[in-house]
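# Summary of the model geometry
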Amino acid sequence: MTPQPDPQAGAAVKAADRAHVFHSWSAQELIDPLAVAGAEGSYFWDYEGKRYLDFTSGLVFTNIGYQHPKVVAAIQEQAATLTTFAPAFAVEARSEAARLIAERTPGDLDKIFFTNGGAEAIENATRMARLHTGRPKVLSAYRSYHGATSTAINMTGDPRRWPNDSGSAGVVRFWAPFLYRSPFHASTEQEECERALQHLADTIAFEGPATIAAVVLETIPGTAGIMVPPPGYLEGVRALCDQYDILFVLDEVMAGFGRTGAWFAADHTGVVPDLMTFAKGVNSGYVPLGGVAISGAVAETFARRPYPGGLTYSGHPLACAAAVATINVMEEEGIVGQAARIGETVLGPGLRELADRHPSIGEVRGTGVFWALELVRNRETREPLVPYNASGEANAPMAAFAAAAKARGLWPFVNMNRTHVVPPCNITEAEAKEGLAALDEALSVADEHTV
């Protein structure tokens, strides 16, 4: 893994990108994408030969790192055998991927509907819930992200929804628990849990339980801030859903497949949803794949009634072969347990030590290899380091922090006033400590903006 500088090739890649690639979530003339020459394990590098430790896992999907040889070989083998085939047929890679996923999902979530990614998984889970219940509404949290397709973006709670909000998608939002910035004036996790559940119960009551198909929650919200729910909250939501015959949908697109130190974040609580969405870590993003894990009761709805949904590439053989290899690698190499250990012994303690030294850190929260640092101007008032949805000059402190991290060979995940620490699940102890050291230096830049 020795990057070979080739600036001329990098310039050509950059020129073609600038001329023809339309990038997501961006004002096209205001961005300057890095040209990537290669990647391996927890690192990637540019055409200048500069190497970066990836504390983003791509977009939180390379759970086994880049270019794992066993998964690359599985994709090559599948391509040589059967590159693609229509979804209406039984194909070995598809069947095996579904079997391996169903073995690991909680409860009786034994049927797998494959999609191309997380947003389509949410789209179809919501459709299934509405058809199963015959009800139109879905409830989702304000601090959430569920994807960029029509229903998924309307269910999302962050500002990317605003320009896409149809106002007629049948979505009702509520406040989920977040003690550090509690909307319920709570001072303990128990208070936050009880008040958040009462708020949800009130929302259900005033919306009309008979109109609500599903409550949709990220088991641990990802992009919105990695807020681990307080003990008892998910169990309480499950009980409310059972009380009113509402389906409980857990979005595990980001939190699933080892990210939290368990196969699924729901495993930490024992809560079994009616539908569970997944993507990203299922095959480390090597080939696009997502899906919905479906309970027996919901599956029975479509036993003799056609499900009105499908995708041309549902269960694509290359993607499913990558999933089979990824899951097997995670088992063989003990990657889920490694994620738990790294979180408990390195990342958690290391990030809390950084908080002792840096006044810009308001809170450290997370589990496994799924952490967030809440950056603030003032620890006492908890004023965010930059305003909500800041851009341009208002976002300068976070931009300076990110630049400082990159200058030190660390690629950070930055969103609003937070930096998330979300490296591959199989990051080594030495690599994790290298990243923490780079964060330590970069946070000094954030400290300059505290009062």
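Provided above is the structure to which this section pertains.
Presented here is a report on the structure given in the accompanying data block. (Residues numbered from 1 in each chain as written. Predicted model: local features only at pLDDT ≥ 70, side-chain atom pairs only at ≥ 80, totals over all residues. Heavy atoms only, no water.)

### A few points about the packing of aromatic side chains
In this structure the tally under the stated criterion is twelve aromatic pairs. Geometrically, the ring pair formed by F44 and Y52 is stacked, given 5.4 Å between the ring centres and 25 degrees between the ring planes. Its end group placed over the ring of W263, R104 keeps NZ or CZ at 4.9 Å from the ring centre. (Phe/Tyr/Trp six-rings, centres within 6.5 Å; stacked < 30°, edge-to-face > 60°. Lys NZ or Arg CZ within 6 Å of the ring centre and 35° of its normal.)

### Thoughts on the packing of helix α11 (residues 335-357) against helix α13 (residues 429-447)
Remark: α11 packs on α13, axes separated minimally by 10 Å, with the N-to-C direction vectors making an angle of 15 degrees. With respect to α13, the axis of α11 lies roughly parallel. Where α11 crosses over α13, the two elements pack in a sense that is right-handed. Here I342, V346, L347, G350, L351, L354 and R357 of α11 lie close against α13, whose contacting residues are E429, A432, K433, L436, L439, D440 and L443. Residue composition of the contact of α11 with α13, by class: nine nonpolar, one polar and four charged. (Axes fitted to C-alpha atoms, helices over the stretch in contact; angles between N-to-C directions. Helix = DSSP H or I, 4+ residues; strand = E, 2+ residues; numbered from the N terminus. Parallel < 35°, antiparallel > 145°, perpendicular 65-115°, else oblique. Left-handed = near helix turned anticlockwise from the far one by under 90°. Contact = heavy atoms within 4.5 Å. Nonpolar A, V, L, I, M, F, W, Y, C, P; charged D, E, K, R; others polar.)

### Points about empty space enclosed by the protein
Inspection of the entire model under this criterion finds one cavity of 30 Å³ or more. When its volume is computed, the largest cavity comes out at roughly 80 Å³. Taken together, A176, P177, L217, E218, T219, P221, M227, P229, Y233 and L234 form the lining of the largest cavity. For the lining of the largest cavity, the secondary-structure elements that each account for two or more residues are β7 (212-218) and α8 (233-243). Looking at the lining of the largest cavity residue by residue, the class counts come to eight nonpolar, one polar and one charged. (1 Å grid on protein atoms, 1.4 Å probe; cavity = no way out; pocket = protein on both sides within 12 Å on 5 of 7 lines; lining within 4 Å. Points joined across faces, edges and corners; volume = space filled by probe spheres on them.)

### Structural notes on the sheet that holds strand β4 (residues 111-115)
Ordered by their spatial adjacency, seven strands build an open sheet running β4-β10-β9-β8-β7-β5-β6, and the pairing between neighbours is mixed. Of all the strands in the sheet, the pair left with one neighbour each is β4 and β6 (171-174). If you compare each strand with its neighbour and ignore which way they point, the axes differ by 20 degrees on average. Those strands touched by helix α5 (residues 118-133) are β4, β5 (137-141), β7, β8 (247-251), β9 (275-278) and β10 (290-294), and its axis lies near 165 degrees from that of β9. (Pairing = 2+ DSSP bridges.)

### Here we look at the sheet that holds strand β14 (residues 410-411)
Strand pairing in a sheet relies on backbone hydrogen bonds, with the paired strands running either antiparallel or parallel. The four strands lie next to each other as β1-β2-β3-β14, forming an open sheet whose pairing is mixed. A strand with exactly one partner marks an edge of an open sheet, and here the two such strands are β1 (36-40) and β14. As paired strands, strand β2 (residues 43-46) and strand β3 (residues 51-54) are joined by three bridges and run antiparallel to one another. The residue bridging W45 from the neighbouring strand is R51, located in β3.

### Some remarks on the layout of surface pockets
When its volume is computed, the second largest pocket comes out at roughly 500 Å³. Forming the boundary of the second largest pocket are 21 residues, of which K111, I112, F113, F114 and I294 lie nearest the centre. Listed by contribution, the elements that provide at least two residues to the lining of the second largest pocket are α4 (92-104), β4 and α9 (296-301). If you tally residues by element for the lining of the second largest pocket, the top one is β4, at four residues. Its residues placed into classes, the lining of the second largest pocket shows 14 nonpolar, three polar and four charged.

### Describing the side chain of N417
If you trace the backbone, N417 turns up in the loop between β15 (413-415) and β16 (418-421). Given the relative accessible area of 6%, N417 is considered buried. In this structure the side chain of N417 is engaged in a polar contact, spanning 3.2 Å, whose partner is the side chain of E374. In this structure N417 touches R181, L373, E374, L375, P384, L385, V386 and M398, once residues within four positions along its chain are discounted. (Buried < 20%, exposed > 50% of the residue type's maximum accessible area, 1.4 Å probe, protein only. Polar contact = N/O pair within 3.5 Å; in protein donor to acceptor, adjacent residues only side chain to side chain.)

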